[in-house]
There are 2 protein chains.
Amino acid sequence: MSMRFYYAPLSCALATHIVLEHIGADYEAEKLNLRENDQNTPGYLAINPKGRVPALVTEQGILTETPALLMYLAQTYPEAKLAPLDDIFSLAQMQSINSWFCSTVHVNHAHGARGRRWSDDLDAQKTMKDKVAQNMTDSATLIEGEILRGPWVMGDQFTVADAYLFTMVSWMKVDGVDMSQFPRLSDHYKRMLDIPAVKKVAPLHGIQ
Amino acid sequence: MSMRFYYAPLSCALATHIVLEHIGADYEAEKLNLRENDQNTPGYLAINPKGRVPALVTEQGILTETPALLMYLAQTYPEAKLAPLDDIFSLAQMQSINSWFCSTVHVNHAHGARGRRWSDDLDAQKTMKDKVAQNMTDSATLIEGEILRGPWVMGDQFTVADAYLFTMVSWMKVDGVDMSQFPRLSDHYKRMLDIPAVKKVAPLHGIQ
């Protein structure tokens, strides 16, 4: 059975989309238009009651949340070697990075366009938006200095964390981060753009 | 070598602390006082440059981020059977739950006391605080109706996700969620309090 993958442009679904393409998975991609509220239709809420993307419909059931999807694909396609599956400690380091991306960097970014999640006050939402560039710059500083080993996130091995980092950097670029301060991140982003799966998928996510 | 575990009361480190105790790990716990800014001393930043808890110093290196620590401990102590390690899909479901706890439920809670992360404006921070009870209630509704299988998060198997859920519910209780609306969550919390590891660790985290 072909898997069905739900995504939206400019969302974190980009990371999983890159990995699906990179491993040559048998999947069909279905685009949601978040501005038209596709994620809150009864049909989609039956797939993901959280009303978010990504969601992956597999033969065994439905999975959501980027770090879980990335790990699932790395484990399901071990021949692609997209995670250090045989080394518990290295795997935990990769999971730590992916977890921090979802809990902190994604959340920093989300305060730009989705401040209404955390405050009903429009002025308050504006003050959140005002802080996004600084918070994303702080995240970039930590990745540049402490997290990205080079050439890939985990060093010599290309992993699912690289697809996730690419997604984070694509957001930094629109969030007003001065990327000239971050040559290692910029170089990583550029090398990602040379990967066939990224070439194919990035334009579907509004990245040219 | 004994592991060293850094935690702070009322933080998400509770989940990992319960698991360390439950598996009988050889570890020493070190308490940080976040109000005195222990997490931003040069000494602690050398351990975790993010200035957050938890952090676990192992023989192989330092690990941070709750979902990664939980998975690491489940994999390192497989005999404790704290994750469905032999079933890729079930494991992904558990990871999805833990990932959502860190990226969404934890973040909802954090807007109560840590709104300054996302806005410099004191009035804006107050509006975030005002929305916490509603957001945590929404999270509780989703867990009660869609996530918690019962009796444990993943069904019959007690896993690391139960220690994490216990932590989330301990926050709901202080965040003004009316727990009488959530009998299944309340029952889970009560049964967790009967577990020896929880009995021992919860008081260290300000839970009686």
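Residues numbered from 1 in each chain as written. Chains lettered and ligands numbered in written order. Predicted model: local features only at pLDDT ≥ 70, side-chain atom pairs only at ≥ 80, totals over all residues. Heavy atoms only, no water.

Summary: where empty space remains is shown by rolling a probe the size of a single water molecule over the atoms. Going through the model one piece at a time under the given rule, you end up with one cavity of 30 Å³ or more. Considered as a void within the structure, the largest cavity measures approximately 90 Å³ in volume. If you trace the largest cavity, you find it lined by Pro 67, Ala 68, Gln 95, Asn 98 and Ser 99 of chain A together with Pro 67, Ala 68, Gln 95, Asn 98 and Ser 99 of chain B. For the lining of the largest cavity, the secondary-structure elements that each account for two or more residues are α3 (66-76) and α4 (88-113) of chain A together with α3 (66-76) and α4 (88-113) of chain B. Of the residues contributing to the lining of the largest cavity, the split by class is four nonpolar, six polar and no charged. (1 Å grid on protein atoms, 1.4 Å probe; cavity = no way out; pocket = protein on both sides within 12 Å on 5 of 7 lines; lining within 4 Å. Points joined across faces, edges and corners; volume = space filled by probe spheres on them. Helix = DSSP H or I, 4+ residues; strand = E, 2+ residues; numbered from the N terminus. Nonpolar A, V, L, I, M, F, W, Y, C, P; charged D, E, K, R; others polar.)

Below, the discussion takes up the nonpolar core. Residues Met 172 and Leu 185 of chain A together with Met 172 and Leu 185 of chain B are the most contacted members of the largest nonpolar core, which totals 146 residues. When neighbours within four sequence positions are excluded, Met 172 of chain B is seen to be in contact with Val 105, Met 136, Ser 139, Ala 140, Ile 143, Val 177, Met 179 and Leu 185 of chain B. Counting residues in each nonpolar core, the second largest holds eight residues, with Val 107, Ala 110 and Met 128 of chain A together with Met 128 of chain B among its members. (Core = buried A, V, L, I, M, F, W, Y, C linked by side-chain atoms within 4.5 Å. Buried < 20%, exposed > 50% of the residue type's maximum accessible area, 1.4 Å probe, protein only. Contact = heavy atoms within 4.5 Å.)

Residues and elements named next belong to chain A. Applying the stated criterion across every chain, the model contains 14 aromatic pairs over all chains. A centroid spacing of 5.0 Å and a plane angle of 85° characterise the contact between Trp 152 and Phe 158, whose relative ring orientation is edge-to-face. Taken together through their ring pairs, the aromatic side chains of Trp 100, Phe 101 and Tyr 164 make up a single cluster. Across from the ring centre of Trp 152, 4.8 Å away, lies the NZ or CZ of Arg 191, which sits over that ring. (Phe/Tyr/Trp six-rings, centres within 6.5 Å; stacked < 30°, edge-to-face > 60°. Lys NZ or Arg CZ within 6 Å of the ring centre and 35° of its normal.)

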